[in-house]
Amino acid sequence: MPVFALVLVGMFAEIAVMIAVGNAIGGLWMIALLLVGTLIGLQLVRRQGAQTMAAFSEAVWKRQQPHQEMADGVLIAAAGALIMVPGFISDVAALFLLFPPTRKIVSRRIARKAEAAALKFEHDRRFGPGQVVEGEVVDVEPVIITDRRELT
C-alpha cells in the first residue's frame, strides 16, 4: 500500500508541475520541452550504459568482482525508466541518477541498507526472529523412575 500511495502522490505532483509549466510558457512549448528532455535523457542513458558495460567487461576481464558496475547498471536502467515517464520531476530524478557522482552516492546508500538487511537476515536465521531474553541455565538432577506399573 505505501508504494501505491507514493506512485499516486508522484503522479499528482507530475501533473501539477506540468500544469504550472504549461501556464508559464504555454502548452506547446511544454510538450516540446518534455520531448527534448526525453531525447537528451535517452542519449545520456545510452552513453552512460555503454560506459558502464565497458567498465563491467574490464572488471570481469581483470577477474575482479564488478559490484559497482552492476549497481551502476541497475541505476542507469532505473534512470531510463524515469526518462520515459512524461514529466519534469521524473526527468530531474533520472538526471540525478545518470551523473556518476550522484549515482555513486545513491549506490553507496543502497549498499549500506542492503548490508544491514543481510546482517539482520543472518542474525534471524541463526537465532530466530524476535527478542533475546536474558536468563541462566540451571542444572537439575534427573529423576529416575525405577518402579513401573503396567497399564491393564
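Scroll up for the structure.
Residues numbered from 1 in each chain as written. Predicted model: local features only at pLDDT ≥ 70, side-chain atom pairs only at ≥ 80, totals over all residues. Heavy atoms only, no water.

1. Quick word on the packing of helix 3 (residues 67-84) against helix 5 (residues 100-127)
Then step 1. One can describe the packing of helix 3 onto helix 5 by two numbers: an axis separation of 10 Å at closest approach and a directional angle of 110°. In terms of orientation, helix 3 lies roughly perpendicular with respect to helix 5. Residue-level inspection shows Q68, A71, D72, L75 and I76 of helix 3 in contact with helix 5, the latter providing R103, K104, V106, S107 and I110.
Then step 2. Considered class by class, the residues forming the contact of helix 3 with helix 5 number five nonpolar, two polar and three charged. (Axes fitted to C-alpha atoms, helices over the stretch in contact; angles between N-to-C directions. Helix = DSSP H or I, 4+ residues; strand = E, 2+ residues; numbered from the N terminus. Parallel < 35°, antiparallel > 145°, perpendicular 65-115°, else oblique. Contact = heavy atoms within 4.5 Å. Nonpolar A, V, L, I, M, F, W, Y, C, P; charged D, E, K, R; others polar.)

2. Examining the layout of surface pockets
Then step 1. Its volume calculated, the largest pocket comes out at about 230 Å³.
Then step 2. Around the largest pocket, the lining residues are L6, V7, V9, G10, M11, E14, L82, V85, P86 and S90.
Then step 3. Ranked by residues supplied to the lining of the largest pocket, first place goes to helix 1 (residues 2-25) with six residues.
Then step 4. Of the residues contributing to the lining of the largest pocket, the split by class is seven nonpolar, two polar and one charged. (1 Å grid on protein atoms, 1.4 Å probe; cavity = no way out; pocket = protein on both sides within 12 Å on 5 of 7 lines; lining within 4 Å. Points joined across faces, edges and corners; volume = space filled by probe spheres on them.)

3. Focus: the nonpolar core
Then step 1. Ranked by size, the top nonpolar core spans ten residues in total: L44, V45, L75, I76, A79, I83, A94, L97, L98 and V106.
Then step 2. For this core, the elements supplying multiple residues, two or more each, are helix 2 (27-61), helix 3 and helix 4 (88-98).
Then step 3. For this core, the element with the highest residue contribution is helix 3, accounting for four residues.
Then step 4. Setting aside its immediate chain neighbours within four residues, V106 contacts L75, F96 and L97. (Core = buried A, V, L, I, M, F, W, Y, C linked by side-chain atoms within 4.5 Å. Buried < 20%, exposed > 50% of the residue type's maximum accessible area, 1.4 Å probe, protein only.)

Read these as geometric descriptors, not functional statements.
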